[in-house]
Amino acid sequence: MKKTTTRLADGRELIYYDSRDDAVRDASDPRPLDPVSTASRIRHDRLLGDHVAIASHRQGRTYHPPADECPLCPSREGRHSEIPAADYDVAVFENRFPSLAGDSGRCEVVCFTPDHDASFADLTEEQAALVLEAWTDRTAELSQLPGVEQVFCFENRGAEIGVTLAHPHGQIYAYPFITPRTERMLRSLAAHREATDGGNLFDDVLADEIADGSRIVVEGEHWLAFVPYAAHWPYEVHLYPRRRVPDLLALDEAARTEFPQLYLEVLRRFDRIFGPDAPPTPYIAAWHQAPLRAADRSEFALHLELFTIRRTSGKLKFLAGSESGMNVFINDVPPEAAAQRLREVASE
């Protein structure tokens, strides 16, 4: 992998990740951009203990542009985008409309491919491996920023999820706090350790899923993909490395090599869940990494959670009163049935 770092016209950082060591990325950004001005602030909810980002500048962000005006496509004559180069493998840049900025963290955009009409599932294993390298490198870099407590790599895919740019891309958030979801995992981890005289909750969950077997979707030598016992979403798959590690940086070479094949297979199955004539399945793919300064960091297990809000053909799972009002999920699809369906649509 070759990494090339440069700057956009307004001073934001842009990083190219290339599979070829001889790639040259010397295109400058000719756009007359003013320096980015953000109003991101973090407020604390005293009742729930949550943090909320107030980011009014995002009201003016790019919203469903036509394909020929996509800001994530490579630049061409007469049409300059966020990527000055005429082509790229993987590109990462600071978000022009960040939810978190300055002392409140950092947000980056990860462009998986220059092909506007592709998706992550269309990538080759080599391309997916390069994205994994980019996620890992950005985790390492962002972890060094002052005040950052947790790095979150994720992809939102589909208009139903709320995606406003159709180009295949994801984002990385560097939070100045530990997220509520991770805090809950850490509390459960500590309680389980005390109740089992030193047992690890993540290890035990993985062992239980292997022993049961009914919710396993794909098994590899170094990774396991399964529908969780108490899945919140209609179709939800968790991917764990069999050897527990706290973050992407700690993955060994064997796990890195196997991940693209297994992950691409799961994504392609997601697109086949609802039949050959169904539109692409909307989903969220979220990497869970250990907070940077957690006391029990080594006990945390890196994993990826993938889920869709589509519950059946033409119908979405909305977060209504119970879910949004009380955070109590009601799932219409039994996890065992979801796993069975995901096994049925395996690649031939």
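Along each chain, the written sequence defines residue order, and numbers are assigned to residues from 1. Only residues with pLDDT of at least 70 are given local features in this predicted model, and only at 80 or more are side-chain atom pairs given and counted; all residues enter the totals for whole chains, interfaces and linings. The basis for every side-chain value is the complete set of heavy atoms in the structure, and neither hydrogens nor water enter the calculation.

Draft legend 1. Structural view of the sheet that holds strand 5 (residues 90–94). What makes two strands pair is DSSP finding at least two bridges between them. Only runs of H or I of at least four residues qualify as helices and only runs of E of at least two qualify as strands under DSSP, and these elements are numbered from the N terminus. What the 11 strands build is an open sheet, ordered 1-2-5-6-8-7-12-13-11-10-9; its pairing is antiparallel. Two strands close off the open sheet at either side, each with one partner strand: strand 1 (2–7) and strand 9 (216–219). The sheet shows a mean angle of 20° between the axes of neighbouring strands, taken without regard to direction. The pairing of strand 5 with strand 6 (residues 106–111) spans four bridges and is antiparallel. When the sheet's bridge partners are listed, Glu94 is paired in strand 6 with Glu108. Here, residues are in contact when the closest pair of their heavy atoms is within 4.5 Å. To get an axis, fit a line to the C-alpha atoms, keeping to the stretch in contact for a helix; angles then go from 0 to 180 degrees between the N-to-C directions. Running at roughly 40° to strand 9, helix 6 (residues 335–344) makes contact with strand 9 and strand 11 (235–241) of the sheet.

Draft legend 2. Representation of the environment of Tyr17. Mapped onto the secondary structure, Tyr17 falls in strand 2 (residues 13–18). In sequence terms Tyr17 and Phe112 are 95 residues apart; their C-alpha atoms lie 10.0 Å from each other. Once you skip the residues sitting within four places of it in the chain, Tyr17 turns out to touch Met1, Lys2, Lys3, Asp89, Val90, Val92, Leu130, Ala134, Asp137 and Arg138. Within 3.5 Å is the distance limit for a polar contact, defined as a pair of N or O atoms, with the added protein rule that one can donate a hydrogen and the other accept it, and that residues adjacent in sequence qualify only through two side-chain atoms. Engagement of the side chain of Tyr17 in a polar contact is seen with the side chain of Asp137, the distance being 2.6 Å.

Draft legend 3. Geometry of the nonpolar core. By nonpolar core is meant a set of buried Ala, Val, Leu, Ile, Met, Phe, Trp, Tyr and Cys residues that side-chain atoms within 4.5 Å join together. Relative accessibility decides the category of a residue: with a 1.4 Å probe and only protein chains considered, values under 20% of the type maximum give buried, values over 50% give exposed, and everything between is partly exposed. Within the largest apolar cluster, 54 residues are counted, with the highest numbers of intra-cluster contacts made by Phe120, Trp135, Val237, Leu239, Phe259, Phe270 and Trp287. The residues contacting Phe120, other than those within four sequence positions of it, are Phe112, Ala128, Val131, Trp135, Glu155, Tyr263, Leu264, Leu267 and Tyr283.

Draft legend 4. Local environment of the pairing of strand 8 (residues 169–175). Counting buried positions over the seven residues of strand 8 gives seven, a clear majority of the element. Covered by surrounding structure in strand 8 are His169, Gln171, Tyr173 and Tyr175 together with Gly170, Ile172 and Ala174, the residues of both alternating faces. Summarising the sheet, strand 6 and strand 8 pair through six bridges and their orientation is antiparallel. Bridge pairing links Val110 to Gly170 in strand 8.

Draft legend 5. Summary view of the packing of aromatic side chains. Classification of ring pairs uses Phe, Tyr and Trp, with its six-membered ring standing for Trp, and accepts pairs whose centres are within 6.5 Å; under 30 degrees between planes counts as stacked, over 60 as edge-to-face, and the remaining range as tilted. Throughout the structure, instances matching the rule amount to 20 aromatic pairs. When the NZ atom of lysine or the CZ atom of arginine is within 6 Å of a ring's centre and also within 35 degrees of its normal, the charge is said to sit over that ring. Positioned above the aromatic ring of Tyr16, the side-chain terminus of Arg25 is 5.5 Å from the ring centre.

Draft legend 6. Summary view of helix 2 (residues 180–195). The end-to-end C-alpha separation of helix 2 is 23 Å, in line with the 22 Å expected for 16 residues at 1.5 Å each. Within helix 2 the residues assigned to the buried category are Thr182, Met185, Leu186, Leu189 and His192. One face of helix 2 carries all of its buried residues, which in axial projection span an arc of 130°. The exposed set on the far side of helix 2, more than 90 degrees from its buried face, consists of Arg187, Glu194 and Ala195. Residue Asp197 follows helix 2 closely and has a positive phi angle near 55°. Helices are assigned an expected span. That span is 1.5 Å times one less than the residue count. To obtain the arc, one takes the directions from the helix axis to the C-beta atoms.

Draft legend 7. Molecular detail of the pairing of strand 9. Strand direction decides the pairing type here: strand 9 and strand 10 (residues 223–226), joined by three bridges, are antiparallel. Counted as the bridge partner of Glu219 is Leu224 from strand 10.

Draft legend 8. Spotlight on unusual backbone geometry. Located in the positive-phi region is Asp197, a residue other than glycine, with phi close to 55°. When you line up the elements, Asp197 lands in the loop between helix 2 and helix 3 (201–212). Of note, Asn327 is a non-glycine position whose phi angle comes to about 60°, a positive value. You can see Asn327 is positioned in the loop between helix 5 (321–326) and helix 6. Residue classification places Asn327 among the partly exposed positions, given a relative accessible area of 46%.

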